[in-house]
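# Results of the structural survey
These are the residues of each chain, in order.
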Amino acid sequence: MASWKGVEFDGDLARIVRHMVEVETYRESLQSLQAVWDNLTVLGQLSGTGTEITGMRAAFAQLTGTLLNSLATESRRKVAEDLGSRAQVSIDILIRNLFERTADIGFLATDSDLCAFVEAAGAGQVSDRQRILARFREYVAKYSVYSDILLLDRHGNVLCQLDGAHPVECSDDPLVREALSSDAAYVESYGPTDLQPGAGPALIYAWRVSPPGGGQAAGVLCLVFRFANECERIFHNLRSGDDWSVITLLDTDGRVMASSDPWQVPVGAPMEACDDSPCRIIRFAGREYLAATRGTRGYQGYFGPGWRGHVMVPLEHAFEAPAVRALERIPAPVLAQVMESPALFSEALQLIPRQADAIQRELNRAVWNGNVRQSRQGRGAQQGVNASFSKTLLWEISNTGVRTKDIFERSIANLHETVVSTILRDCAGRAALAIDIMDRNLYERANDCRWWALTTAFREALAAGMAGAEATRRLSPILRTINGLYTVYTNLILFDEAGTVLAVSNPDREALVGQTLGEEWVGRTLVLDGPQAYCVSAFAPTPLYDGRPTYIYSAAVRHPEHDHQVVGGIAIVFDSAPQLAAMLGDSLPQAAPDDPHAGVAIFAGRDGRVIAASDPGLAAGTSLALPEHCFALAPGESSSGIVAHGGRLHAVAAHMSAGYREYKGPDDAYRNDVLALILIPLTDEDEAAVSHPVPIRRSAATRLQGKPDEVSVELATFHIGDNWYGMHSSDIVESIDVQRITSLPGLPAHVRGCVMYEGNPIMVVDLRDYVNGAVGGAASQIVIVRGATNGQLLGLLVDELGEIPEVPVSLIQPVAGLFQGSASLVDSIVKTDGGAGGGLLLLLSADKLAARLGGELAVEA
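Reading guide: rules and limits
- Residues numbered from 1 in each chain as written.
- Predicted model: local features only at pLDDT ≥ 70, side-chain atom pairs only at ≥ 80, totals over all residues.
- Heavy atoms only, no water.
- Buried < 20%, exposed > 50% of the residue type's maximum accessible area, 1.4 Å probe, protein only.
- Helix = DSSP H or I, 4+ residues; strand = E, 2+ residues; numbered from the N terminus.
- Arc of directions from axis to C-beta.
- Contact = heavy atoms within 4.5 Å.
- Phe/Tyr/Trp six-rings, centres within 6.5 Å; stacked < 30°, edge-to-face > 60°.
- Lys NZ or Arg CZ within 6 Å of the ring centre and 35° of its normal.
- Pairing = 2+ DSSP bridges.
- Axes fitted to C-alpha atoms, helices over the stretch in contact; angles between N-to-C directions.
- Polar contact = N/O pair within 3.5 Å; in protein donor to acceptor, adjacent residues only side chain to side chain.

## Some details on helix α6 (residues 174-181)
Residues Leu175, Val176, Ala179 and Leu180 constitute the buried set of α6. Along α6, the residues classed as buried sweep out an arc of 140° about the axis, all on the same side. Among the exposed residues of α6, those pointing more than 90 degrees away from its buried face are Pro174, Arg177 and Ser181. Contacts made by the buried residues of α6 are with β3 (146-153), β5 (187-191), β6 (202-209) and β7 (219-225).

## So, the packing of aromatic side chains
Under the criterion given, the structure shown has 20 aromatic pairs. Arranged with centres 4.6 Å apart and planes meeting at 85°, the rings of Tyr139 and Trp451 form a pair that is edge-to-face. In this pair, Tyr139 sits in helix α5 (residues 129-142) while Trp451 sits in helix α10 (residues 385-452), placing the two residues 312 residues apart along the sequence. For Tyr139, a relative accessible area of 1% gives the class buried. Relative to Tyr660, the ring of Tyr443 lies with its centre 4.8 Å away and its plane at 85°, an arrangement referred to as edge-to-face. Of this pair, Tyr443 sits in helix α10 while Tyr660 sits in the loop between β23 (648-656) and β24 (674-681), and the two are 217 residues apart along the sequence. The residues Tyr443 and Tyr660 share a single accessibility class, namely buried. Connected via pairs of aromatic rings, a cluster forms that spans Phe107, Trp452, Tyr486 and Tyr489. Over the ring of Tyr545 we find Arg548; its NZ or CZ atom is 3.9 Å from the centre of that ring.

## Looking at the sheet that holds strand β10 (residues 280-284)
A sheet is described by the order of its strands in space; here 5 strands give the open sequence β9-β8-β12-β11-β10, paired in antiparallel fashion. At either margin of the open sheet sits one strand with a lone partner, and together these are β9 (256-259) and β10. Direction aside, neighbouring strands of the sheet carry axes that sit 35° apart on average. Alignment of strand β8 (residues 246-250) against β9, held across 3 bridges, turns out to be antiparallel. Paired with Leu250 across the strands is Val256, a residue of β9. Here helix α3 (residues 54-108) sits on the sheet and contacts β8, β11 (287-295) and β12 (308-314); the angle it forms with β11, its principal contact strand, is near 50°. Against the sheet, helix α7 (residues 227-238) engages β8 and β9, with an angle of about 140° to β8.

## Structural notes on the sheet that holds strand β18 (residues 552-558)
Within the open sheet, the 5 strands sit side by side as β14-β13-β19-β18-β15. Their pairing is antiparallel. The open sheet has two edge strands with one neighbour each: β14 (501-504) and β15 (535-536). Across 7 bridges, the pairing between strand β13 (residues 489-496) and strand β19 (residues 566-574) is antiparallel. Paired with Leu494 across the strands is Ile570, a residue of β19.

## Here's the deal with the environment of Asp38
For Asp38, the location among the structural elements is in helix α2 (residues 21-47). A relative accessible area of 30% places Asp38 in the partly exposed class. Here the alpha-carbon distance between Asp38 and Ala58, two residues 20 residues apart in the chain, equals 9.5 Å.

## Quick notes on the side chain of Arg661
Along the polypeptide, Arg661 turns up in the loop between β23 and β24. The buried category is assigned to Arg661, whose relative accessible area is 11%. Side chain to side chain, Arg661 and Asn229 meet in a polar contact 2.7 Å long. Engagement of the side chain of Arg661 in a polar contact is seen with the side chain of Glu230, the distance being 2.9 Å. Ignoring sequence-local partners within four residues, the contact set of Arg661 consists of Ser144, Val145, Arg226, Asn229, Glu230, Arg233 and Tyr443.

Everything listed here is a matter of geometry and, on its own, says nothing about what the molecule does.
Here is the structure:
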């Protein structure tokens, strides 16, 4: 614990709470009230009113500390979760991308044209270098994540390079030797390199190139990844315009590799990582930051070079984001229902409003008893300065209680809104992550089919009209090699210009060979107008995927000498079930399989039908019963809110696909609006069955004026159900809290039992069962009354204590048996012109209560 301006805070909260504007505002208000409580406590002890509020003052001080700690903790948790989530996303998105690069280098290094070129160069033969450059340009036109491609011989001499603006003749980079000798499937290198002179650190994927017939490797192929450009794209998607945070990537030594704000955190700077905690304070360049560091969760067994995502925000700006902006469009009744849900808040948070209510109830009772006590002392004793002072003191105590209640209610509401807005913001971030993962993944699929359609062996075989067993024997091994590197497909299919299958990659699908494909996308593929064009099927069941729905990407295979002539096509069957499930799973927070509050991630079309969902109960094609605005978003647009789904209220966020790089971009003819939805449960119960306490109408004696100098009496009032009751203050002993009531056998239903009062047992009566029109519920007070004639004490269960007004006797009217059932208890009525329900106040007679109920008890006894 550490202290900040007189309040004890947990852990390092005292260091950061000064930057939490809302928490500081509540602290100042509550401490100002604490000073008032201190003064009122002393005055109460000196006044002789008998109103002791020392215990309440202590409880108020303790609850103030609890509340401020909870506000600060939730504010920090909100920032910590945001920083940690973005740190995780930044590294995981990059690792997913780099996984694809490891497959690219493995396949391109086996390209027959490159292998032949390297072999010829090794033999000293002149080869067509321009043809290789053309293939490099075609490759980068599709896989635009690369800035350069280099082909070297065994000695590091550059045979061919795509980037002519920064030519390299020879390299001594160790990656060349490693690529020639490594037993791995690829070489991944990041750092300064003579392959990219003057360009700073570069991320390069390399592998050896062997002659077509096999044998010793003749050269090395290097793919230069656009690392800075890719990091910039990732960072841009994770920051808003008014965001003070800095997103960075750290290498294995903790040095900054990439930064969203290099002026604030430069590349190459050593950084203090936060691997040991979700979020903590660090110092950098003479400034304090809140920071979070996350390592990758990996993708399909690939964990990259050991880099980490690191996000930091200046401490003085960490808590500036408005907490309730996400809640502005949510209807008040829906928001109120969420705030009441025990599923959303921890036991500690749920306890705060209950403690505040208990303090307020105790305070109201103390003031009520103080007023009753003064009234009972007689009007003669109330003359003079002391009486006036006591009345003023009691009023000030009551008024301070109202102010305290208001601050607690507002701060508790703010606390709850912080929790809910954090969930909504998290939903929005996860929906954006899910669709970004999908767009990036399918970008690769569009690239793969177009590049593989340019495979020389495929083009030559189809142009020559190769068919039958010969086509299968020559072409299927190439397809199997590709599929072995790119495992996200269940089958690769090569077909001729008639749609007849010539070869497949999956041995279990060889029965397709010789069959003519009849699906609609085949015809569209065969009329594509260039090597950049591709075709995608609708997400629908297909026999090529065992009757399950999937996407099939395809591209036209063109004549090797006449690009305008289509001689066939290649189709790649995306393994959508596990791949989409993995994307959705990576976008959800980790939770136990049976966690009732685990979220649901969904891919859906504009028509509201499910493409894939993390919930097995939402099969593909299921129509989602969600608001239409979720599906009417523009590309890249998002929305969030609270909806009813599956009998519960959920936080929901939707994000529409916007594509990635060229995929679904302005120059891409393909359009397929898919959105990601994230739903997180907020309630446990059926949203229509959640019970809300109906506010009890409370009458208030706001205007009880009689004639000038008219005699008045003080009435102690209380509420039972919807009814407003009162008694002469002289008949009231005091109010006590509801204690453990001991039940006694054989008593009437309206007699709850007895309690000990000043060492003597007294009976407790529940008039809600006895008087017509009252409603049942949990009573909160026991009013002790004394019969004027026999002095018998009796306890009345009441819901709430009311005011103690001075009522002119002219406003009190006898009832003379007007009320059936309660006629023997109600002595008279007071008709006021204020309050709800016309302000009808029913006055009970202490003597009649004692006589009637006491008599019944005697008979039962």
